[in-house]
Every structure is written in structure tokens, then in C-alpha cells.
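# Remarks on the overall topology
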Number of protein chains: 2
Amino acid sequence: MKGNVIVGQSGGPTAAINSSLAGVYRTAKDRGAGKVYGMLHGIQGLLQERYIDLSEYITNELDAELLKRTPAAFLGSCRFKLPEIHQDKAVYEKIFGILDKLNIEAFIYIGGNDSMDTIKKLSDYAIVTGHPTRFIGCPKTIDNDLALTDHTPGYGSAAKYIGTSVKEIIRDSFCLEYEKGLVSIVEIMGRNAGWLTGASALAKGEDCAGPDLIYLPELPFDIESFSAKVKELLARKSSVVVAVSEGIRLEDGRYVCELGQSIDFVDAFGHKQLSGTANYLASFIAGEIGCKTRSIELSSLQRAASHCASRVDILEAYQVGGAAVKAADEGDSGKMVVLKRLSDDPYQSGTEVKDVHKIANDEKLVPREWVTEDGSYVTDEFINYVRPLIQGDVSPVMVDGIPRHLYRHL
Amino acid sequence: MKGNVIVGQSGGPTAAINSSLAGVYRTAKDRGAGKVYGMLHGIQGLLQERYIDLSEYITNELDAELLKRTPAAFLGSCRFKLPEIHQDKAVYEKIFGILDKLNIEAFIYIGGNDSMDTIKKLSDYAIVTGHPTRFIGCPKTIDNDLALTDHTPGYGSAAKYIGTSVKEIIRDSFCLEYEKGLVSIVEIMGRNAGWLTGASALAKGEDCAGPDLIYLPELPFDIESFSAKVKELLARKSSVVVAVSEGIRLEDGRYVCELGQSIDFVDAFGHKQLSGTANYLASFIAGEIGCKTRSIELSSLQRAASHCASRVDILEAYQVGGAAVKAADEGDSGKMVVLKRLSDDPYQSGTEVKDVHKIANDEKLVPREWVTEDGSYVTDEFINYVRPLIQGDVSPVMVDGIPRHLYRHL
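Analysis parameters
Residues numbered from 1 in each chain as written. Chains lettered and ligands numbered in written order. Predicted model: local features only at pLDDT ≥ 70, side-chain atom pairs only at ≥ 80, totals over all residues. Heavy atoms only, no water. UniProt positions renumbered as here; feature names shortened; annotations may be inferred. Helix = DSSP H or I, 4+ residues; strand = E, 2+ residues; numbered from the N terminus. Rg over C-alpha atoms; globule rule 2.2 N^0.38 Å. Buried < 20%, exposed > 50% of the residue type's maximum accessible area, 1.4 Å probe, protein only. Contact = heavy atoms within 4.5 Å. Areas by Shrake-Rupley, 256 points an atom, 1.4 Å probe, with all protein chains shown as cover. Lys, Arg positive; Asp, Glu negative; His and termini not counted. Charge placed at Lys NZ, Arg CZ, Asp CG, Glu CD. Least-squares fit on C-alpha atoms with pLDDT ≥ 70 in both. Pairing = 2+ DSSP bridges. Axes fitted to C-alpha atoms, helices over the stretch in contact; angles between N-to-C directions. Expected span 1.5 Å × (residues − 1). Arc of directions from axis to C-beta. Polar contact = N/O pair within 3.5 Å; in protein donor to acceptor, adjacent residues only side chain to side chain. Buried area = accessible area lost by both parts, 1.4 Å probe. Salt bridge = Lys/Arg side-chain N within 4 Å of Asp/Glu carboxyl O. Core = buried A, V, L, I, M, F, W, Y, C linked by side-chain atoms within 4.5 Å. Right-handed = clockwise from strand over helix to strand, strands pointing away. 1 Å grid on protein atoms, 1.4 Å probe; cavity = no way out; pocket = protein on both sides within 12 Å on 5 of 7 lines; lining within 4 Å. Points joined across faces, edges and corners; volume = space filled by probe spheres on them. Nonpolar A, V, L, I, M, F, W, Y, C, P; charged D, E, K, R; others polar.

By the naming in an unreviewed UniProt entry, chain A is Pyrophosphate--fructose 6-phosphate 1-phosphotransferase, taken from Candidatus Choladousia intestinavium. According to its UniProt record, chain A has this under Subcellular location (unreviewed entry): "Cytoplasm". The annotation that UniProt attaches to chain A under Sequence similarities (unreviewed entry) is "Belongs to the phosphofructokinase type A (PFKA) family. PPi-dependent PFK group II subfamily. Clade 'B2' sub-subfamily."

In C-alpha cells, the structure reads:
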């Protein structure tokens, strides 16, 4: 490379997105790039000319290792959709002006569907105007809902955390006995795709029965059949653990988390208060069955748990970052790096690049055949798919009992 | 020892309670005990003659190591208060009949305040009737609210998990920028004692500013002053993270988590729905300031997170279990093992036994001088107290990407 590189992070944070950033930095430096800039808060920050020189933060190998172990977006993230080129050319002129000023040869954007849309538009603009900067996307999302790639960096670590935490919740739930039993409902992220919720099945093993029921958002949720299943389970065991996606919906399309709203709960300031999906179901089951219930939301813990990251995931994220720079250096533009599964046993993967026009805004859902017929669990195919992605650990660098992260002076 | 030993677990589960169980088992075997029985679901299960022979489960050193790494009560737990001796002698006759049948020399009970009450009553009954069985209590509670002991096994691991998770939440919160800022409210266990909530300050370090505000239940919570502080912080930074105890109360004694109830929110079945403390405050702040807010409950994850256990805690829990057996073998009864801090730097601790009559039902709270004058943070003394208790890790035994536990066929 002769010029400089700029890299940004976009969308929801993950435990692996900074490993991709470390991969971009290392490969850019190895291939002779001048400066490696990091845009602060993605393309939105770049428009305000907010960026840093990454070499000020990654001064040695230890810094790079810390960065790989630091959750959430080191550079800051944004949710920002570029206008269509014909709608607002000025935005593009501004961005390309900044790129020219910084002598940018390669623009790497780490993110999900929206970020790939950004890569698509910027590379289209470059083609139309004959601009030499090359634009490559790096996949990232815990949701694992990007098309064309076998899986997305960030998903494996979130899946490992979910499997581990659900197993600990199951242990915890069996401790105390209640006369009519205990039903624990665990709410997991994923508005439309059930990849994360299905990963709760990873808790299952010789030493653990796993969750009793798993409900993904891909299929309509039938609250009566759910309640009947719970009743049946309580007749056999004292503790029932259910994993539900935050996005489950009834046949008629209403979100389960909206059902509590029908009774017009507003707080002291007149704001409608959203009770969560698990919260609503826990209260529903308590009312129907009269047993003790509790709801647990894995919340943002599940996307930021670097202390429980998957080694496969962190290494693949790093590799994908490097592959993005390599692709740009070799002349590619308007592409996204994807992960290809080469074999399952032993698990092997490699990177390829795909045209970003084929990817943007497509949502990859869990295939119907990977969910049991009655829709209340995932199949072995699902588990075989995710199991290799959670293998191995990345030991946190512990300082005084707490994991150390790489940080940016704000 | 000539006879047999029986051990039980009681109260809320922790990440360290099974390490004490492993310590009891190992020391009892080392000192020549015949059988080591485990009562299932504590004294309540014993009354139904539910118990196991622990040697069927701990068959080798690896089993013992797995047990130390298994969260929640391996034997099952209970919340059961024995009646006073003069109120219901029959219960005592039944228990002692079972102990005689099993030829029990030492009865070890691992638990919190209520469990020490059980030890007190059983040892009193033994003294009154001249019965030879000896009764020793082993402290256990994540709440750290037991008197006379420097700290309780279970607390260190929960504190380590809280410090780690709050730090990850802080990283996550700084990622996305919102026009009016983001306020994240993290709810931590502890109805009356703030030991766990204060541990959120462990997130603070060179690489992290820590939570911005910390509210313990020991002091009255002033919602107006809280709101003013948040406003002030938002003027300076885009993300504010607040740690609150689930048990914070207003000056007039009302729990913050009850405030949402004043508007009579009942679900479809007529059950009053408790919105949590963090939930309520998030909605309050959103209403007052108009910024984005979110609430995160660490829920039962914080008491079962063996994957993030403290080595100091797990080893001390093991040591305390052994010390209980030793005390019984040497003729003590009606005692609880306590941890004594011998020095801070380097941290050293030892065990002692104390008369259980002096302990039972006393709740140890965070001293006023360990909270800042305005009540919105803990002092360095607090951090210096807890820091040694979270040191070191216990590497989980990973099988196929997920921690392995020791399990009991149900």
C-alpha cells in the first residue's frame, strides 16, 4: 500500500468488533500503509471530521492484544444511513473531500447490514466519479443475520456467553424447591432472527438438561400451547427454564412484549412503560398456573461479555479485518469479506470476498428445518452449526482482579 | 473421627457454596469419617429423610475440582426456619432420631443468617438433651451481611462478576451517541446491605472511570438530588452509568421499586406487577430529562457466575468447609467458622470459630464512613476492603466450549 487507511465501526457493539479493528491495523501496517486512521463514531463522526491516528493507541503488541480483549466499539459507533446519492450529493462530496485530504487508499467499515449499505453507496459513488479509494466491509453482528457469510464475527462470543449463563441459571433454578414449582424465563436478544436464542441450547450436555423450551422469533408464538407445555413439564420437574427471543410475536403479528401494554400502564410522567417479553410471560404463567416465576433479561451483557469470549470468534474477527485490508490493497472495492466454513470436523474456515450489492439489507433467519416441528426447540443441526463457533477461550488480561481493556481518552 | 458426617446447604445459592461442600467432604475423609452424607434441600429435606452418600458423586480428585467450579447448591437448598424448641419438640425428636440412625458425629450447615439460627437451635437441643452430635455452621452468602466474620464466602466471586460486568456495561454504553445522552441504570442485589452494589466501584481503574454514581440501601435515597446529579453529569459526558441496590428506599421508608405501583399497574390476571428499581428510575429519568435511558438487572446471574469466580473466594470457601469439620472433630459445637483478615498487603486470612449465639440474625451493613458524604459513591476504604477478595481466577473446566459442572441425578 502507498496511501493511508481509514477504518470505522458501526451498529451495535460486540465482544469481537475490536479484534477486527486490530486485524485491520496490523495488516495495514504489514502491507506498508502510511497512517491508519480510525473514524470516531463511524461515518457520522467522519462527517464532522472526528478521527484519530490509531498508532497513538496501538503502540506495541500488548496494546493490540488488549484491543482484541476490549468489548464494544473502541472507536465509538453510530447508527447512520447515508442518503441515496441522487438525493444528497453534498454529503458524498464532503466525505470524499475528507478522504482526499487524508490521502485514503482504503476505507474499511466494520458493521452489520446498515454498514454494508454504506460501503455499497460509497463504492458506487467512487465508481461513478472515478475516485481511486477502495471500500471494503467487514461483517460484525451478534445477531448473525448477515447473508452470504456462514456466520458473523461477534456471534460466537455472544453464543458462548448465552450458553454459559443459561447453564448457570439452570443450576441456580434447581436449588430451591417451591410447592408449585419455579418457571424461569430468560429473554435473549434478536428481534427477527433466533440465532442468539437458539444458542441457549449449548447449555445442554452430559451434566445439564439444557433449557426446557426455546422459542425463536421466526415462528409465530402460541401462548396457550406454551402454557400447556409448561404445565406438563411442571408435573415432572420442579424447575422449568425457558429461553425466549425478545422478538417473539403472536400469529396476528403483535409482539408478546406489547401485550402487557393493552392495560395502559403509564408511569408518573405519562410514558408508556414497556414490560419485556420475559416479564410478561412470567406474569402470564404465574397467573395461569399459580407457580413461582421469574424473568431474567440477558440485556446488553450478552453483547459485551469479553470476559467470556470465544477464541474461534476473536481469531476469525481478527482474520476478517486483515482480509478486508488485503482485498483493498489488491484492488477490490464494493466488497464484503465473508467467512466460509470449509469443514465441520475438524472445524475449518476461510475468508472470501463477495459483492456488497448482494448482501446489503438481506436478513438471514434460522432455517425452518433447524427448529423442531412444534416450534419449541432447536434441532441438532442448529447445535452442530453453532458449536464450533464457541470453542476456545481468550484469557482476559487481569489487573487487580478485573479484566483490563484498551481505552481511548475521551 | 469415628462416626459419620452430614452436611447441608441452605438459603440463596452462590458460586462458592459448593467449594465449602468440597472442603467438608475432603477434611471429613482425611480425618477418618465413615460416611459423609449430604442432606438434599437442607434441613427441610432431612426431615423427609432425603439425603445422599456424597462418595457416590465425589469419586476422585477431578470430581472434587468440578464441584468447586459448580455454581448454586449441589445438594439443593431450602429456606426453612426451625420452630423454637419449646414450641414443637417433635420436630427436634424427629431430626435427632434420623441423626442417630445415621450415626452422625458432626452436622455441618452451610448458609447465611437463617442457617446459623438452625445451628444454634440444634446445638442448644443437643446440650439440653445431652446428645453427642456436634453442630457447626459454615458462613455463605453473596450479601456479605453476616456479623463477626470479616467477609463471607460467595461475596468475593459475586463482587468480581459485578465489577467485571459493570465495566463491560460502561464500555458498551459509550459506543453509541445520543443527542441528549444515555443513562444506564444497573440494578444489583442486596435488600438491606450494599456490599454487592458497592462492588461496582471495582470497575474503576486506569482504563475505566467506573460507574458515575453508586447508591446503597443503607442510606435514604433522594430522587430529586439523584436526578440533579444525573443532569449535571450529562452536561459533561454523553453516557452516565449508575449502580443502584434493589433495596434503596426513600426517606419515608418506601422502596423505590414500589413507586411504580402507586399507579395500580395490574396484569391481566389481577396480579400487581413489580417494576424493578432500575426500571422505575430509568423511566423517571427519561421523563425528567428526556434523554435515552436503559435499565439492566444483574439478576441471579450475579450469584451463579462460576465462570467468573474469584480464586481467593473459592479457596477460602473450601478452607472454611474444612475448618468446620476440624472444629467438630475437636469437640466444638454451636459454633460458626469465621474468616479473619490477618493483613491487607499482602492479603492474608485465617479461620476461627465463634459462638453461633453471637451471630444469628445480626445483619452487617456497610459502615457509614465507607460511603461518601453525599451518599452517592463508596470510599477508597470500601474498595480496599473488597479488592483482595476478588483476586485470582478459577479456570472453568471447559468441555466443548462451555464450563462443565458436577451434577446430581435428580
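Counting its regular elements, chain A contains 13 helices and 13 strands. At 23 Å, chain A has a C-alpha radius of gyration in line with the 22 Å of a compact globule built from 410 residues. Overall, chain A is about 70 × 45 × 40 Å in size when its C-alpha atoms are taken along their principal axes. Out of the 410 residues in chain A, the part that is buried amounts to 64%. For chain A, contacts bridging at least 24 residues in sequence account for 76% of all contacts bridging at least 6. With the model as given, the accessible surface of chain A reaches about 14700 Å², and the carbon-plus-sulfur share is 47%. Of the side chains in chain A, 45 bear a positive and 56 a negative charge, and the two mean positions are spaced by 4 Å.

Screw-axis analysis of chain B against chain A gives a translation of 0.0 Å along the axis, an RMSD of 0.0 Å, and a rotation angle of 180°. Both copies of the chain, as the preceding transformation shows, are related through a two-fold rotation axis. Both copies present the same face, since 100% of the interface residues in chain B are matched by interface residues at the equivalent positions in chain A.

For the rest of this paragraph, the subject is the sheet that holds strand E7 (residues 213-215) of chain A. Residues and elements named next belong to chain A. Read from one edge of the open sheet, four strands run E7-E8-E6-E9, paired in parallel fashion. On the outer flanks of this sheet lie E7 and strand E9 (292-297), each paired with one strand and no other. With direction set aside, neighbouring strand axes in the sheet form an average angle of 15°. Bridge count between E7 and strand E8 (residues 239-245): three bridges; the pairing is parallel. Of the residues in E8, the one forming a bridge with leucine 213 is valine 242. Here helix H6 (residues 155-173) sits on the sheet in contact with strand E6 (182-188), E8 and E9, set at roughly 165° to E6.

Let us look at unusual backbone geometry. Backbone phi values are negative for most residues with the exception of glycine, while trans is the configuration of most peptide bonds. Each neighbour pair has its own omega, and for aspartate 345 of chain A with proline 346 of chain A the value is 5°, a cis peptide bond. The phi torsion at leucine 148 of chain A lies on the positive side, around 75°, for a residue other than glycine. Within the secondary structure, leucine 148 of chain A is located in the loop between strand E5 (134-139) and H6. Located in the positive-phi region is asparagine 103 of chain B, a residue other than glycine, with phi close to 55°. By the element assignment, asparagine 103 of chain B lies in the loop between helix H4 (89-101) and strand E4 (104-111).

A few words on helix H8 (residues 223-236) of chain B. All names here are of chain B. Relative to the 20 Å expected for 14 residues at 1.5 Å per residue, H8 spans 21 Å between its end C-alpha atoms, a close match to the ideal helical length. The set of residues buried in H8 consists of Ile223, Phe226, Ser227, Val230, Leu233 and Leu234. In an axial view of H8, the angular spread of the buried residues amounts to 125°, which keeps them on one side of the axis. Seen from the buried face of H8, the exposed residues on the opposite side, beyond 90 degrees, are Glu232, Ala235 and Arg236. Those residues of H8 hidden inside the fold are in contact with strand E6 (182-188), strand E7 (213-215), strand E8 (239-245) and helix H10 (277-289). Its side-chain oxygen at 3.0 Å from the backbone nitrogen of glutamate 224, aspartate 222 defines the N-terminal cap of H8.

Looking now at the interface of chain B and chain A. Taken residue by residue, the interface counts 71 residues in chain B and 72 residues in chain A. Sorting the residues of chain B by area buried against chain A places Glu168, Cys175 and Ile402 of chain B first, and these three jointly supply 11% of that buried surface. For the pair chain B and chain A, the number of links is ten salt bridges. A salt bridge links arginine 404 of chain A to glutamate 206 of chain B, with the shortest nitrogen-to-oxygen separation between them at 3.0 Å. The tally of links between chain B and chain A comes to 34 residue pairs in polar contact (both at pLDDT 80 or more).

Here we come to the sheet that holds strand E10 (residues 335-344) of chain B. Residues and elements named next belong to chain B. Here we have seven strands laid out as an open sheet, ordered E3-E2-E1-E4-E5-E10-E11, and mixed in their pairing. Two strands in the sheet have a free side with no partner beyond their single neighbour: strand E3 (51-53) and strand E11 (347-355). Direction aside, neighbouring strands of the sheet carry axes that sit 25° apart on average. Contacting strand E1 (4-9), strand E2 (36-39) and E4, helix H1 (residues 17-30) runs over the sheet at an angle of about 175° to E1.

A few words on the nonpolar core. Of all hydrophobic cores here, the largest spans 87 residues; its most connected members are Tyr155 of chain A together with Tyr155 of chain B. Sequence-distant contacts of tyrosine 155 of chain B, that is, excluding residues within four places in its chain, are made with Thr141, Ile142, Asn144, Trp195, Leu196, Ala199, Asp313, Phe382, Tyr385, Val386 and Leu389 of chain B.

The subject of this paragraph is the environment of serine 239 of chain B. Residues and elements named next belong to chain B. In this structure, serine 239 sits in strand E8. Sequence separation between serine 239 and glycine 181 is 58 residues; the distance between their C-alpha atoms is 5.7 Å. Those residues in contact with serine 239 that lie beyond four places of it in its chain are Ser173, Phe174, Leu182 and Asp212.

A separate point is the UniProt feature "active site" (unreviewed entry) in chain A. Residues and elements named next belong to chain A. Feature annotation in UniProt places "active site" (unreviewed entry) on Asp143, given in this structure's numbering. Mapping aspartate 143 onto the fold places it in the loop between E5 and H6. In this structure aspartate 143 comes out as partly exposed when scored by relative accessible area, which is 25%. Contact partners of aspartate 143, with chain neighbours within four places excluded, come to Gly190, Ala193, Trp195 and Leu196.

This part takes up the pairing of E4 of chain B. Residue and element names in this part refer to chain B. Most of E4 sits inside the fold, with eight of its eight residues counted as buried. Note that E1 and E4 share six bridges and pair parallel. If you follow valine 5 over to E4, its bridge partner there is alanine 106. Between the parallel pair E4 and strand E5 (residues 134-139), the chain is carried across by helix H5 (residues 113-129), and the sense of this crossover is right-handed.

This part covers the pattern of salt bridges. Residues and elements named next belong to chain B. The tally for this structure, following the rule as stated, stands at 60 salt bridges over all chains. One salt bridge in this structure joins lysine 160 and aspartate 393, with 3.1 Å as the shortest N-O distance. Residue lysine 160 is found in helix H6 (residues 155-173), and its partner aspartate 393 is found in the loop between helix H13 (380-386) and strand E12 (398-399); the two are separated by 233 residues along the sequence. What makes aspartate 393 partly exposed here is its relative accessible area of 38%.

Turning next to empty space enclosed by the protein. Residue and element names in this part refer to chain A. According to the stated counting rule, one finds three cavities of 30 Å³ or more in the structure shown. One number sums up the size of the largest cavity: a volume of about 50 Å³. What lines the largest cavity is Arg69, Ser306, His307, Val394, Pro396, Pro403, Arg404 and His405. Tallied by class, the residues present in the lining of the largest cavity amount to three nonpolar, three polar and two charged.

All names here are of chain A. Tracing the chain through its elements places serine 184 in strand E6. Side-chain polar atoms of serine 184 contact the side chain of serine 173, separated by 3.3 Å. With near-sequence residues (within four places) excluded, serine 184 lies in contact with Ser173, Val240, Val241, Val242 and Arg294.

Moving on, we come to the side chain of histidine 131 of chain A. Residue and element names in this part refer to chain A. With respect to the element layout, histidine 131 can be found in the loop between helix H5 (113-129) and E5. On the basis of relative accessibility, which here comes to 17%, the residue histidine 131 falls in the buried class. At 2.7 Å, the side chain of histidine 131 forms a polar contact with the side chain of aspartate 100. Excluding residues that lie within four positions of it along the chain, histidine 131 makes contacts with Phe96, Asp100 and Ala126.

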